[in-house]
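Each chain, letter by letter, is given below.
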Amino acid sequence: MPAERISKVLAAAGVASRRGADELVAAGRVTVDGRPAALGERVDPETQRVEVDGRAIGAAPEHRLYIAVHKPAGVASTVKDRHAERTVVDLVPRELARGARLYPVGRLDQDSEGLILLTNDGDWAEHVLHPRYGVEREYAVAVARPLTRDQAEWLERGVELAEGVATVSLLRGQTHTEDRRLADILEPEPDPRLVWVRVTIHQGWKRQLRRMFGEVGAPVRRLVRVRIGTLRLDAMTTGEVRRLAQTGRG
């Protein structure tokens with residue numbers, strides 16, 4: 001087969017999304033014929049030995065899996081993390097994973113909760129993650145008191161962060177029905193004194209919403225991701241794991 005970018009090869013083998021594969025290469029965890037791989041290099045996995053953490057990658061997985069997890073706070077959204085007791089991969093029952101090499105599609109802060117997706121389908125993960133596809137992410141954000149008009153307008157205009165101007169595509173109050181739904185699925189139950197708002201974003205910068213709200217003087221007390229694209233948390237309770245349809249769309 002013709003040589004392809006190493007990130008594409010790793011994604012096709014179900015190791016990570018293309019973005020995640022680049023991070024593995026940059027971290028020195030990928031080798032080609034025994035030497036450290038370079039970002040963007042082209043390889044032919046049929047004639048070259050490609051390894052991740054000393055483990056040779058195989059062919060593209062025969063069975064594509066798509067898993068939704070309601071991540072509890074305190075669980076790391078990585079495959080492995082020496083600083084965390086548990087990762088989202090640890091939450092998936094062995095019989096559900098069917099021996100697949102699953103990895104998270106993107107990240108969710110360790111102290112945040114809610115919907116996170118796992119898969120072994122690198123192309124699908126790339127579609128979910130890459131900004132050019134415009135996949136929305138919706139969050140329920142809890143603050144100590146209602147946002148002032150100035151704070152809300154600042155968030156809607158955009159907040160200057162180190163990476164650039166962070167924006168939201170929708171900011172609104174949470175309905176009473178949404179309040180009740182969250183109370184039914186979250187463990188521990190939400191503090192009734194908290195004020196919840198719903199925020200939709202397209203960007204996915206590290207701790208973006210916590211930093212944005214902190215900049216406008218409204219520190220986040222609790223943060224729950226409730227939607228990724230068309231996939232919703234709905235009635236999934238804290239810690240629940242669910243297999244999605246083969247299309248990865250639920």
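Residues numbered from 1 in each chain as written. Predicted model: local features only at pLDDT ≥ 70, side-chain atom pairs only at ≥ 80, totals over all residues. Heavy atoms only, no water.

### Some words on the overall build of the protein chain
For clarity, the cut-off: Helix numbers and strand numbers start at the N terminus; a helix is a DSSP run of H or I with at least 4 residues, a strand a run of E with at least 2. For this measure, only C-alpha atoms enter the radius of gyration; the expected value for a globule follows 2.2 Å times N^0.38, where N is the number of residues. Note on exposure labels: buried denotes an accessible area under 20% of the residue type's maximum, exposed denotes more than 50%, and partly exposed covers the range between, all computed with a 1.4 Å probe on protein chains only. When checking whether two residues touch, look at their non-hydrogen atoms; a contact exists if any pair is within 4.5 Å. Each accessible area is a Shrake-Rupley result for a 1.4 Å probe, and residues are judged covered by the shown protein chains and nothing else. Charged residues are defined here as Lys and Arg on the positive side and Asp and Glu on the negative side; His and the ends of the chain fall outside this count. Charge positions are represented by NZ for Lys, CZ for Arg, CG for Asp and CD for Glu.
Each helix and strand in the protein chain was counted, giving 8 helices and 17 strands. A globule of 250 residues ought to have a C-alpha radius of gyration of about 18 Å, and the protein chain, at 19 Å, matches this closely. C-alpha atoms of the protein chain, sized along the principal axes, occupy 60 × 40 × 30 Å. Counting over 250 residues, the protein chain shows a buried share of 46%. Taking contacts inside the protein chain between residues at least 6 apart in sequence as the whole, the part at least 24 apart equals 69%. A total accessible area of about 13100 Å² is found for the protein chain, and carbon and sulfur atoms account for 48% of it. Side-chain charges in the protein chain split into 40 positive and 36 negative, and the spacing between the mean points of these groups amounts to 0 Å.

### With respect to the packing of aromatic side chains
Just so we agree on the cut-off: Pairing of aromatic rings covers Phe, Tyr and Trp, the last through its six-membered ring, and needs centres within 6.5 Å; plane angles under 30 degrees mean stacked, over 60 mean edge-to-face, and all others mean tilted.
The full count for this structure, using the stated rule, is 1 aromatic pair. A centroid spacing of 4.9 Å and a plane angle of 80° characterise the contact between Tyr66 and Trp124, whose relative ring orientation is edge-to-face. Placement of the pair is Tyr66 in strand 7 (residues 66–71) and Trp124 in helix 5 (residues 122–129), with a sequence separation of 58 residues.

### What about the nonpolar core?
Selection criterion: Joining through side-chain atoms within 4.5 Å is the link that ties buried Ala, Val, Leu, Ile, Met, Phe, Trp, Tyr and Cys residues into a set, and such a set is a nonpolar core.
Within the largest apolar cluster, 33 residues are counted, with the highest numbers of intra-cluster contacts made by Val92, Leu118, Val141, Val199, Leu209, Met212 and Phe213. Once you skip the residues sitting within four places of it in the chain, Val92 turns out to touch Ile67, Val69, Ala97, Leu102, Leu118 and Val241. Membership of the second largest hydrophobic core comes to 25 residues, among which are Leu115, Leu117, Leu182 and Ile185.

### A few points about the pairing of strand 15 (residues 222–228)
In plain terms, the rule: Here the rule is simple: two strands pair whenever DSSP picks up at least two bridges between them.
In terms of residue burial, strand 15 counts as a mostly covered element, since 7 of its 7 residues are buried. Across 2 bridges, the pairing between strand 9 (residues 113–119) and strand 15 is parallel. Pairing of Glu113 across the sheet is with Val224, part of strand 15. Where strand 10 (residues 137–143) meets strand 15, 6 bridges bridge the pair, whose relative direction is antiparallel.

### Digging into the sheet that holds strand 2 (residues 30–32)
Strand order across the open sheet formed by 4 strands is 3-2-5-6, with antiparallel pairing between neighbours. Pairing within the sheet leaves two strands with one partner each, and these edge strands are strand 3 (35–36) and strand 6 (55–56). Examined bridge by bridge, strand 5 (residues 50–52) and strand 6 share 2 bridges and lie antiparallel to one another. In the sheet register, Val52 faces strand 6, and the bridge partner there is Arg55.

### Overview of the pattern of salt bridges
Spelled out, the test is: In the sections that follow, a salt bridge refers to a side-chain nitrogen of Lys or Arg positioned within 4 Å of a carboxyl oxygen of Asp or Glu.
Enumeration according to the criterion identifies 19 salt bridges in this entry. For Asp53, the salt bridge identified is with Arg29, shortest N-O distance 2.7 Å. Taken as a pair, Asp53 in the loop between strand 5 and strand 6 and Arg29 in the loop between helix 2 (18–26) and strand 2 lie far apart in primary sequence, 24 residues in all. Residue Asp53 is classed as partly exposed on the basis of its relative accessible area of 40%. In this structure, the salt-bridge partner of Asp111 is Arg207, at a minimum N-O distance of 3.2 Å. One end of the pair, Asp111, is in the loop between strand 8 (103–104) and strand 9; the other, Arg207, is in the loop between strand 14 (195–201) and helix 8 (208–215), and 96 residues separate them in sequence.

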